[in-house]
Amino acid sequence: MRLATLAAALLSLAVPAFADPGKWEPEKTYALMAGVLEWQDKNLSPFPKENRQDRALEATLKKAGVPADHIVFLEDKAATQKGIQEKLREVCGMAPEGSTLIFYFAGHGMQDDGGEIYLANYDADTGKQKASCVATADVTRIISKNFKGSRVLLFADCCYSGGLAKIVREFDKAPASAACLTSATASNVSTAEWTFTASLVAIFGGDGAVDASGDGAITLKEADAYVAGEMRFKEGQLTRGAATPSFDTGFVLASVDASKKPKELPGPWSFHEYCEVEWKGDWFRSQVIDGREGEWKIHYLGFKDSDDEWVPAKRMRKPQGIGATGGDKVQVEWKKKWYPATVMKVEGDFAYIHYDGFGNEWDEWVTAKRLKKK
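Positions within a chain are numbered from 1, following the residues in the order the chain's sequence is written. Confidence filtering applies because this is a predicted model: local features only for residues at pLDDT of at least 70, side-chain atom pairs given and counted only at 80 or more, and all residues used for totals across whole chains, interfaces and linings. Remark: hydrogens and water are excluded; side-chain values derive from all non-hydrogen atoms of the structure.

With respect to the sheet that holds strand 13 (residues 282-292)
For step 1, the next point in the chain: Pairing between strands is defined by DSSP: at least two bridges between the two strands are required. Each helix is a run of H or I in the DSSP string that is no shorter than four residues. Each strand is a run of E no shorter than two, and both are numbered from the N terminus. Taken together, five strands build an open sheet; the order of strands is 15-14-13-12-16 and the sheet is antiparallel. Each of the sheet's edge strands pairs with one partner strand only, and the pair in question is strand 15 (309-312) and strand 16 (316-317).

Shown next as structure tokens:
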């Protein structure tokens, strides 16, 4: 979790306000994308291939202006350890000065006892991770040695994907700036849903829901906040981006597509905003999808569209965070057993805990499902 803490610190750094934060240039972008939904190792469960959003992201990047011959996509069996390493080296070599590199991975992520994080390529062996998998250290080494451009964007949709912040850290004093967005922190697992990658599709597709300021431009800071919200409310996962000090968080990733501007709603609630709605005495996480004078149409998260309904303001409230505060003595579930722990700090739906009697390396973020008061 030291990586997650570092990530937050890095992302908060920005150049002075008078400096031009810059804007993404798709035509000068080169990308290696690896989407792995099946594996040789039967210990790695396959994912459904229907409606795969990794390919949707590839199409979105092309539509945004990234030349097709600048993108290498390795799908499933093609995404071997050697294949990913060689193609990343190749793509880095193609990119000239002033260019942007995008590295994207979707699939399984693994972490060994020493804290090293691995991306599970098609031929990964869970019993021999160091020898058979693509480690974050491999990605750092290849990019540092072969990329001569100006900017690196790293994205990963897998367990422990927050480990990409370690790559970002390696670029602190490098000529190129770097930033990452991920589906989870460096010590937490990720769901099998496509929510994170779908968020990237929305970001690079110019979806107005990402543009919190409403100025027509989607910045790295807004993209990070959007991903954090989507993962928090839809997947119950904590995530945050990371950036080197040289990567201004005001950097513009996309302009809002005129056809994707959110509908303006009357009253205090906005389109796409998350809330909690009371129904028969219980409160349910929901999302605002429409509005009119005095009431709003909401979608209950995890329920069918047929359950959508119009509700008045008195049945709506802001999302409530986890019921814990720093210093609380609690019990935390880990692998179906409960352990005494202490809450160190709280962020939204998540509590950062320290297991009593264990080293700091076991500290982690947990949700209410894994926590109960002593």
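Some words on the pairing of strand 12 (residues 274-279)
For step 1, the next point in the chain: Here strand 12 pairs with strand 13 via six bridges, running antiparallel. Residue pairing across strands places W279 opposite D282, the latter belonging to strand 13.
For step 2, the next point in the chain: As consecutive antiparallel partners, strand 12 and strand 13 are separated by two residues, and within that stretch K280 has a phi angle of approximately 55°, a positive value.

A short note on the environment of T136
For step 1, the next point in the chain: If you trace the backbone, T136 turns up in helix 5 (residues 136-146).
For step 2, the next point in the chain: Burial status follows relative accessibility: with a 1.4 Å probe on protein chains alone, a residue under 20% of its type maximum counts as buried, one over 50% as exposed, and anything between as partly exposed. Overall, T136 belongs to the buried group, its relative accessible area being 5%.
For step 3, the next point in the chain: With 19 residues separating them along the chain, T136 and I117 place their C-alpha atoms 6.1 Å apart.
For step 4, the next point in the chain: Sequence-distant contacts of T136, that is, excluding residues within four places in its chain, are made with E116, I117, G163, L164 and I167. Contact definition: two residues touch when any of their heavy atoms are within 4.5 Å.

What to know about the packing of aromatic side chains
For step 1, the next point in the chain: Any two rings among Phe, Tyr and Trp, with Trp reduced to its six-membered ring, count as a pair given centres within 6.5 Å; such a pair is stacked if its planes are under 30 degrees apart, edge-to-face if over 60, and tilted if neither. All told, the structure shown has 15 aromatic pairs when counted by the stated rule.
For step 2, the next point in the chain: Taking the centre distance of 5.2 Å and the plane angle of 80° together, the rings of F247 and F251 count as edge-to-face. Grouping residues by exposure puts F247 and F251 together as buried.
For step 3, the next point in the chain: Ring geometry for F284 against Y300: centres 6.1 Å apart, planes inclined by 85°, an arrangement best described as edge-to-face. Residue F284 is found in strand 13, and its partner Y300 is found in strand 14 (residues 295-300); the two are separated by 16 residues along the sequence.
For step 4, the next point in the chain: Owing to a relative accessible area of 23%, F284 belongs among the partly exposed residues under this scheme.

A word on the packing of helix 7 (residues 195-204) against helix 8 (residues 220-235)
For step 1, the next point in the chain: In contact at an axis separation of 10 Å, helix 7 and helix 8 are set at 145° when each is read in the N-to-C sense. The way helix 7 lies across helix 8 gives a crossing that is right-handed. Side by side, helix 7 and helix 8 meet where T195, F196, S199, A202 and I203 of the first sit next to A223, Y226, V227, E230, M231, K234 and E235 of the second.
For step 2, the next point in the chain: Three residue categories are used. Nonpolar comprises Ala, Val, Leu, Ile, Met, Phe, Trp, Tyr, Cys and Pro, charged comprises Asp, Glu, Lys and Arg, and polar comprises the others, including Gly. Considering only residue class, the contact of helix 7 with helix 8 consists of seven nonpolar, two polar and three charged. Lines fitted to C-alpha atoms define the axes here, with helix axes fitted over just the stretch in contact, and angles between the N-to-C directions of these axes take values from 0 to 180 degrees. By the definition used in this description, the sense in which the near helix is turned from the far one sets the handedness, with an anticlockwise turn below a right angle giving left-handed and a clockwise turn giving right-handed.

Quick word on the sheet that holds strand 10 (residues 242-243)
For step 1, the next point in the chain: The six strands are arranged 2-1-3-7-8-10 in an open sheet whose pairing can be described as mixed. The open sheet terminates on both sides in strands that have one partner only, identified here as strand 2 (71-75) and strand 10.
For step 2, the next point in the chain: In terms of strand pairing, strand 1 (residues 29-35) meets strand 3 (residues 100-106) through seven bridges, oriented parallel. Looking across to strand 3, one finds that Y30 is bridged to L101.
For step 3, the next point in the chain: Against the sheet, helix 8 contacts strand 8 (177-182) and strand 10, and its axis sits at roughly 20° relative to strand 8.

With respect to the packing of helix 3 (residues 81-94) against helix 5
For step 1, the next point in the chain: Direction vectors running N to C along helix 3 and helix 5 enclose 25°, while the axes themselves pass 9 Å from each other. Judged on the interaxial angle alone, helix 5 and helix 3 are roughly parallel. Crossing geometry of helix 3 relative to helix 5 is assigned as right-handed. Where helix 3 approaches helix 5, its residues Q85, L88, R89, C92 and G93 are matched on the opposing element by D138, V139, R141, I142, I143 and N146.
For step 2, the next point in the chain: Here the residues of the contact of helix 3 with helix 5 sort into five nonpolar, three polar and three charged. Just so you know how the angles are binned, under 35 degrees is roughly parallel, over 145 roughly antiparallel, 65 to 115 roughly perpendicular, and the rest oblique.

Regarding helix 5
For step 1, the next point in the chain: Within helix 5, the full set of buried residues consists of T136, D138, V139, T140, I142 and I143.
For step 2, the next point in the chain: The elements touched by buried residues of helix 5 are helix 3, strand 3, strand 5 (117-119), strand 6 (134-135), strand 7 (151-157) and helix 6 (164-170).

So, the side chain of D157
For step 1, the next point in the chain: Among the structural elements, D157 can be located in strand 7.
For step 2, the next point in the chain: Counted as positive: Lys and Arg. Counted as negative: Asp and Glu, with His and the chain ends omitted from the count. Salt-bridge detection follows one rule: a side-chain nitrogen of Lys or Arg within 4 Å of a carboxyl oxygen of Asp or Glu. R52 is the oppositely charged side chain nearest to the buried, salt-bridge-free D157, at an N-O distance of 11 Å.
For step 3, the next point in the chain: In this view, D157 contacts Y104, F105, A106, G107, S183, S190, E193, W194, F196 and T197; residues no more than four positions away in its chain are not counted.

Some remarks on the nonpolar core
For step 1, the next point in the chain: Residues L61, F103, I143, L154, F155, L181 and I203 are the most contacted members of the largest nonpolar core, which totals 81 residues.
For step 2, the next point in the chain: With near-sequence residues (within four places) excluded, I203 lies in contact with L181, V210, I218, A223, Y226, V227, L253 and A254.
For step 3, the next point in the chain: We call a set of buried Ala, Val, Leu, Ile, Met, Phe, Trp, Tyr and Cys residues a nonpolar core when their side-chain atoms join them within 4.5 Å. A324, V332, A351 and I353 belong to the second largest nonpolar core, which has 11 residues in total.

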